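# Examination of the molecular architecture
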Amino acid sequence: MPKAVRFSRYGGSEVLDVVEVDAREPGRREVQVSVVSVAINPGEIQVRQGQFHDAFPAHFPEGQGSDFAGVVTKVGEGVDFPRVGDEVIGFSDSRDAQAEFVTIDASRVIPKPHAVDWNVAACLFVAGTTARACIIAVDVRPGDTVVVAGAAGGVGIIATQLAVLAGAAVVATASEENHAYLRSLGAIPVAYGPGLAERIRKIVPDGVDAFIDTHGADNVKVAVELGVPKDRINTITDYAAKNKFRVKGAGMSTVEPREVLTELARLVANGDLEIPIYATYPLDRVRAAYERLGLRHGLGKIVLEVRPAG
Ligand SMILES: NC(=O)c1ccc[n+]([C@@H]2O[C@H](COP(=O)([O-])OP(=O)(O)OC[C@H]3O[C@@H](n4cnc5c(N)ncnc54)[C@H](OP(=O)(O)O)[C@@H]3O)[C@@H](O)[C@H]2O)c1
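Predicted model only: the values in this text are computed from it and were never measured.

## Here we look at the environment of P229
Considering the arrangement of structural elements, one finds P229 in the loop between α7 (219-225) and β12 (233-235). A sequence separation of 11 residues divides P229 from A240, and the C-alpha atoms of the two residues are 18 Å apart.

## Points about unusual backbone geometry
Put simply, F60 and P61 share a cis peptide bond, and its omega is -5°. Mapped onto the fold, P61 is located in the loop between α1 (42-49) and β4 (67-75). Residue P82 is reached from F81 by a cis peptide bond, and omega for that bond is -5°. Counting through the fold element by element, P82 comes out in the loop between β4 and β5 (87-91). Of note in the backbone geometry, R29 takes a positive phi value of approximately 65° without being a glycine. Here R29 shows up in the loop between β2 (17-20) and β3 (30-39).

## What about the domain arrangement of the protein chain?
Assigned domains of the protein chain: these are domain 1 (3-123 + 275-305) and domain 2 (134-253). Summarising the inter-unit geometry, the C-alpha centres of domain 1 and domain 2 are found 29 Å apart. Taken together, the contact between domain 1 and domain 2 spans eight residues of the former and nine residues of the latter. Between domain 1 and domain 2 we count zero salt bridges in total. Summed over the shared surface of domain 1 and domain 2, the number is three residue pairs in polar contact (both at pLDDT 80 or more). Grouping the constituent residues of the side of domain 1 that touches domain 2 by class yields four nonpolar, three polar and one charged.

## Thoughts on the pairing of strand β13 (residues 277-282)
Direction of pairing for β13 relative to strand β14 (residues 301-305): parallel, over a ladder of five bridges. Note that in β14 the partner of Y281 across the bridge is L304. For the segment spanning β13, helix α10 (residues 286-293) and β14, crossover handedness is right-handed.

## Considering the site of the ligand
Lining the immediate environment of the ligand, one finds 27 residues, of which G154, S175, Y192, H297 and G298 sit closest. Contact distances for the ligand include 2.9 Å between an oxygen atom and a backbone N or O atom of V155. In the model, an oxygen atom of the ligand is placed 2.4 Å from a nitrogen or oxygen of the Y192 side chain. Its free accessible area being 940 Å², the ligand has 89% of it covered by the protein chains. Mapped onto the shell around the ligand, the elements with two or more residues apiece are α1, α3 (126-137) and α4 (154-165). Two domains share the shell around the ligand, each providing at least three of its residues, namely domain 1 (3-123 + 275-305) and domain 2 (134-253).

What counts, and where the lines are drawn
- Residues numbered from 1 in each chain as written.
- Predicted model: local features only at pLDDT ≥ 70, side-chain atom pairs only at ≥ 80, totals over all residues.
- Heavy atoms only, no water.
- Helix = DSSP H or I, 4+ residues; strand = E, 2+ residues; numbered from the N terminus.
- Domains from an automatic or database assignment.
- Contact = heavy atoms within 4.5 Å.
- Salt bridge = Lys/Arg side-chain N within 4 Å of Asp/Glu carboxyl O.
- Polar contact = N/O pair within 3.5 Å; in protein donor to acceptor, adjacent residues only side chain to side chain.
- Nonpolar A, V, L, I, M, F, W, Y, C, P; charged D, E, K, R; others polar.
- Pairing = 2+ DSSP bridges.
- Right-handed = clockwise from strand over helix to strand, strands pointing away.
- Near = heavy atom within 4 Å.
- Areas by Shrake-Rupley, 256 points an atom, 1.4 Å probe, with all protein chains shown as cover.

Here it is, written out as structure tokens:
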């Protein structure tokens with residue numbers, strides 16, 4: 001029987017198990033995908049710990065994961081696209097992607113361009129749609145100076161590149177070890193932490209037009225101190241600061257996922273967007289993968305490699 005990640009109570013990574021499950025046959029307008037790679041995201045930790053119980057309650061035994069890439073193995077009635085054998089990128093809203101097989105509505109997969117690496121393909125949905133939502137929320141324009149706080153993270157690394165592609169000068173906050181990579185993307189790296197506003201003023205004395213916060217801490221406060229207009233400050237994580245300072249809080253749910261995922265896959269295929277993967281784990285080591293993610297330092301994304309491609 002195929003395997004999938006499940007947890008049967010809220011808790012730390014120790015509640016995660018890889019168990020045998022039935023591979024559900026695709027119903028009308030559904031497809032079954034043999035998963036190659038799955039990305040993991042911090043929000044899954046909060047769901048599993050029960051912090052999002054009111055908004056996103058778990059139904060035990062609960063699965064995990066939204067981002068996956070794989071090969072279509074079966075199609076149900078009424079499916080014109082995809083076909084059996086197609087390589088696809090999937091975006092689940094059922095928390096079931098961390099599995100050897102996912103059965104999903106056919107509208108929730110897009111073609112995986114051949115040039116896009118499997119692991120990168122699996123990273124594009126949650127982080128990518130969120131990054132695009134940030135760019136739209138702060139209305140990045142050519143010639144703008146934009147700060148991306150937490151620029152080395154999964155969302156930040158994509159937001160940084162989308163802002164550069166839009167013609168902005170990007171000041172990217174990150175740990176020193178990630179500065180060279182961010183510089184290679186065309187951004188100006190700066191250390192986060194106390195004194196950030198001063199450091200940014202020195203780098204861009206003419207001011208900051210827009211500010212994207214992917215981390216929290218005091219980033220929204222810093223943005224306000226820098227004089228960034230409030231309708232051009234967006235946080236995806238610090239809702240207390242969003243309410244206090246009356247800035248924006250647009251996340252992934254504010255964009256059309258299929259459209260954005262297709263755009264991002266094309267950018268990757270054309271060599272205009274890259275996603276570093278700083279750690280990979282087999283599905284069986286899902287606990288270790290989340291323990292690494294929970295350290296909240298790294299460059300890009302962590303991926304579960306479910307099976308070898310090909
Ligand atoms: N609202 C939504 O729709 C939505 C969607 C997706 C994610 N999120 C949330 O957005 C946040 C970011 O997600 P993610 O996937 O990008 O997380 P992630 O990949 O785990 O982010 C890790 C990054 O955070 C950076 N970091 C650590 N401490 C920092 C600090 N004090 N200041 C600035 N950066 C710091 C690290 O940079 P260094 O390695 O350089 O230290 C690391 O690269 C999470 O809280 C997540 O839950 C919200």
